[in-house]
Every structure is written in C-alpha cells, then in structure tokens.
Protein chains: 2
Amino acid sequence: MTNQTTTRDPEQTRLRIMEAGAELFVEHGFSSVTMSQLAKSAGVTKSLIHHHFGSKERLWEAVKERAFERYFSTQMAMLEEAGEPDAALLGASVEAYFRFLQANPEVVRLFAWTHLEGDTSCGELDAQLVGAGAEWVRQAQQRGLLRDDVNPTHVIATFVMTCTQWFEAKCHHQHWPGMGSDDAFLEDFLRIFLEGLLPRR
Amino acid sequence: MTNQTTTRDPEQTRLRIMEAGAELFVEHGFSSVTMSQLAKSAGVTKSLIHHHFGSKERLWEAVKERAFERYFSTQMAMLEEAGEPDAALLGASVEAYFRFLQANPEVVRLFAWTHLEGDTSCGELDAQLVGAGAEWVRQAQQRGLLRDDVNPTHVIATFVMTCTQWFEAKCHHQHWPGMGSDDAFLEDFLRIFLEGLLPRR
DNA sequence: GTATTAACTGGCCGGCCGGTCAATAATCGC
DNA sequence: GCGATTATTGACCGGCCGGCCAGTTAATAC
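Looking at an unreviewed UniProt entry, one finds chain A named HTH tetR-type domain-containing protein and attributed to Halomonas heilongjiangensis.

Q: Got a minute to help me understand the overall build of chain A in this structure?
A: Across its full length, chain A holds ten helices and zero strands. Ordered by position from N to C terminus, the α and β elements of chain A give α-α-α-α-α-α-α-α-α-α. Once the C-alpha set of chain A is aligned to its principal axes, its extents read approximately 70 × 40 × 40 Å. Counting all 201 residues of chain A, 48% fall into the buried class. Long-range contacts, defined here as pairs at least 24 residues apart, represent 71% of the contacts in chain A between residues at least 6 apart.

Q: Sorry if this is basic, but what is going on with the relation of the copies chain B and chain A here?
A: One chain copy maps onto the other through a rotation about an axis and a shift parallel to that axis. Superposition of chain B onto chain A requires a rotation of 180 degrees combined with a translation of 0.0 Å along the rotation axis, giving an RMSD of 0.0 Å. Taken together, these values place the two copies in the relation of a two-fold axis. Across chain B, the rotation axis passes nearest the C-alpha of glycine 196 of chain B, at a separation of 1.8 Å. Most of the interface of chain B is mirrored in chain A: 100% of its interface residues are interface residues there too.

Q: Is there a simple way to explain the pattern of salt bridges in this structure?
A: A side chain with one charge may pair with a side chain of the opposite charge, provided their charged atoms come close. Taken as a whole and judged by the stated rule, the model has 22 salt bridges over all chains. With its nearest N and O atoms 2.9 Å apart, the salt bridge here joins lysine 64 of chain A to glutamate 117 of chain A. A residue pair is termed long-range when its members are at least 10 positions apart, and lysine 64 of chain A in helix H4 (residues 56–80) and glutamate 117 of chain A in helix H6 (residues 105–117) qualify at 53 residues. Lysine 64 of chain A gets classed as buried once you look at its relative accessible area, which sits at 5%. You can call glutamate 117 of chain A partly exposed: its relative accessible area is 39%. Taking the shortest distance from any N to any O, the salt bridge between glutamate 195 of chain B and arginine 147 of chain A comes out at 3.3 Å. Placement of the pair is glutamate 195 of chain B in helix H10 (residues 182–196) and arginine 147 of chain A in the loop between helix H7 (121–142) and helix H8 (152–168), with the two residues belonging to separate chains. The class for glutamate 195 of chain B is partly exposed, based on a relative accessible area of 22%. Judged by its relative accessible area of 2%, arginine 147 of chain A falls in the buried class. One network of salt bridges, in which partners are shared, links Lys64, Glu117 and Asp119 of chain A.

Calculation criteria
Residues numbered from 1 in each chain as written. Chains lettered and ligands numbered in written order. Predicted model: local features only at pLDDT ≥ 70, side-chain atom pairs only at ≥ 80, totals over all residues. Heavy atoms only, no water. Helix = DSSP H or I, 4+ residues; strand = E, 2+ residues; numbered from the N terminus. Buried < 20%, exposed > 50% of the residue type's maximum accessible area, 1.4 Å probe, protein only. Contact = heavy atoms within 4.5 Å. Least-squares fit on C-alpha atoms with pLDDT ≥ 70 in both. Salt bridge = Lys/Arg side-chain N within 4 Å of Asp/Glu carboxyl O.

Here it is as structure tokens:
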C-alpha cells in the first residue's frame, strides 16, 4: 500500500492543516472559524495545530502567505510568457487575468478578507508584478501603441480592480437589470478599456 | 437641560444601538463583534439589545437595511439632480460617485462584508438605481453622444466597480510603484473611460 | 540499542460567548 | 389615578472558545 497506517509525515500534516485553513478561512473568515472545525476538517487534534503553528492567528498568516506566493508565481509566469507589448496583447492580458479569477474564486475572497483586515502583505509581492506590467505599458506608450498621457500603473490598476470587483461583488450586481454574463461583460469592458487607451490623434 | 436623566426614549435607544452596531460591525465584521462590546458601546445592557432586536443576527440585518436605505436615497437624489445625459455629465457622475465613496468609507466596507457573506439584499435596492443610470446612458447612445455597441448596464457597472474597488483595496495597491493619489487615479480613469465611450467613427 | 528529539493525543482549563429570565421602573391608555 | 404595557436592568446559564499540559509514540542521532 502507498501509506502505512502509523507512519508520521509532519510536512504532509502541516500541509493538510494549511489546506483545511485555506478552505475554511477563505469561506467563512478568520473569526468565524473555530479551532475545533479546523482540527476536524484537517483530521488532526487541536493540539497538533498549536504544535505546528502556535496559534490560530499564525495559522491564518501561514495560509495567506502560502496563497499569496502561489498567486504571485502563477501571475509572474503568465506575465513572462506574454510577448512584446501592444494593444492586442494588453487585451489578452486582461482576459487572462479575468479567466484566472473566474477559475480561482478563492483568490478573490482571500483578497477581500485581507483588504477588510487592512493587511498590506498582499500588495507587497504584487508590487513587483505591477511594476513589470507598468513597464510593459510604458514601452507600448513609447512606441506609440498606447496613449501616453496616462500613468501606466493606473492602467494596470484599472483592469485589475475591475476584474477583481466583478467577481467579488457578483452577488451584488448579478440581478441588476440588463446585466450580462461574465463573457458579455468582459467583452464590453475590453471595448471601452482598449479604445480608451488608443493613442490620441 | 435638553435631556432629563431618567427619561425613556425607546426610539433613541434603538438608534443608539444601531449606530453602535454600524460602527463595530463595519469596522470588525459580524462575527468578531460581541454583544458585550455592542452593549458597552451603545451604553445599554446586552438584554436591552435582545429586547429591541431579538438577536445579534437581526441587529446586523437592521443595521444593513438602514445603511442600504440611506445609501439608496442619497444616490437617488444625486441621480435626480443630474441633467440631460451626455459624456461630460457621465464624467461628472463618475466623479460624484467617487467622491461619495471617498467621503463615506464605511459604505465601502459595508459592501465588502455583505459581498463576502453572499448577501444579495444590497443589490436589490441598487437595481432601480442602476436601471435609471443605464436608461440615462441609453438615451445618450440614441443621441449619438456615446458609442452604442456596449451594454448600458455594463457602462454603469464598470465605473461603479472601479470606484468601489479603488477604496476597498487601498491597502493592497497603495504602495504599488508609481501609484498616484485618489485624484490622480480618478483623472486617469476618467480619461480612459470617457474616451473609450466616445462614438465610433 | 539507547538517549534525544519531535510528532501527536486526550483531557482539561478559565473565560467569555449569545442568550434567558425574573424583577423593576417609566410610560401610556383610559 | 390606575392597570396594562413596555423599556430596562442585573444576575445567571449552558456551551464552546482558544489554548495548555502531561503523557505516549514514532523518528533520529550516535
């Protein structure tokens, strides 16, 4: 058999606890989740969670840190495989980000919780990512492919925030009159956003 | 004196409890706030809160409902005093909404909590507001003042979501390299948004 | 092999949680 | 005025909270 019944694997255990934490915390928020729930969900005792992480708070921090790092490396990989900057590729990047959030709703919720907590650590890793994205926009501006009278960082921020809020506030606007599907909204947003960024004559 | 020491005013008491609830819940979230904190902050006993609202959950619902109604009436008033639709007035509306959120950060946090709870009630009142806004955009489209190949509801949603997320995720993006002030961002967003909405030639 | 360390368990703790209840005091209908 | 109603209090409840601790078992170092 692959797993002996009484074999210990502390790495695996830590991972199981973090995965349980990720699921419960992201779904219900830090303070709604109890150590008993975490223990039950991870299949370990409360004491073992304390042994590995010290406290509920430190487990939450470990969960967030792991999630941010995974997010960061995924996004960095997406950014690196993007080619030379131009308007079409900007559109493709927006769509890629939108699809990423669509496929990973837990990322959106994680951000929302950390924003409400006022936690700045989510933005620190992101700074590199945004720096690279803004540089990418700046090059396109210099080549005359995008209008150059807007701050490149604001260009990145605009589409990142729109995509994030679209999924974060789904329950808010999903029944608004005339509201379309994910795809329909993305299409309209891209129309406005990309044409708004064309060089001024 | 304006207030007798031992005079009862149940309306005023309900209000004090709701205001304490609004402040604490919006700041820390429903499950982090305890009845004892609420009671202390409102200057009443826990039992009195139960007497007036029945339970912690129902107090939270009352707080949200009151806040949504105030939000709705404020926004409706803003919408009604807006004049005939055109691109400049759309810009003014975006700015008005942005300034409203800037001046009322508790509204932003309230929306964020309700979104995480999956509460749809915030969107129901809004539906009217958005319906009116979308109609306003539609008229501008018919007059050839705005491009007509985008869904009017998506136009409203785009700027509402951008403004909301700007303030909601402030702690996330405030230290991004090159990120400007509230005003600088708003200016750039308006450039992109309004030019992206001009009629296609 | 054996001593040391680390993983892991179960039971327990003080404290606070949301909520209840009986008693009291102010207000209101008449 | 006076009885019914309702606002308000403080004492109290069972239960669960996060965390601790003593003890046991597995892995590791030598």
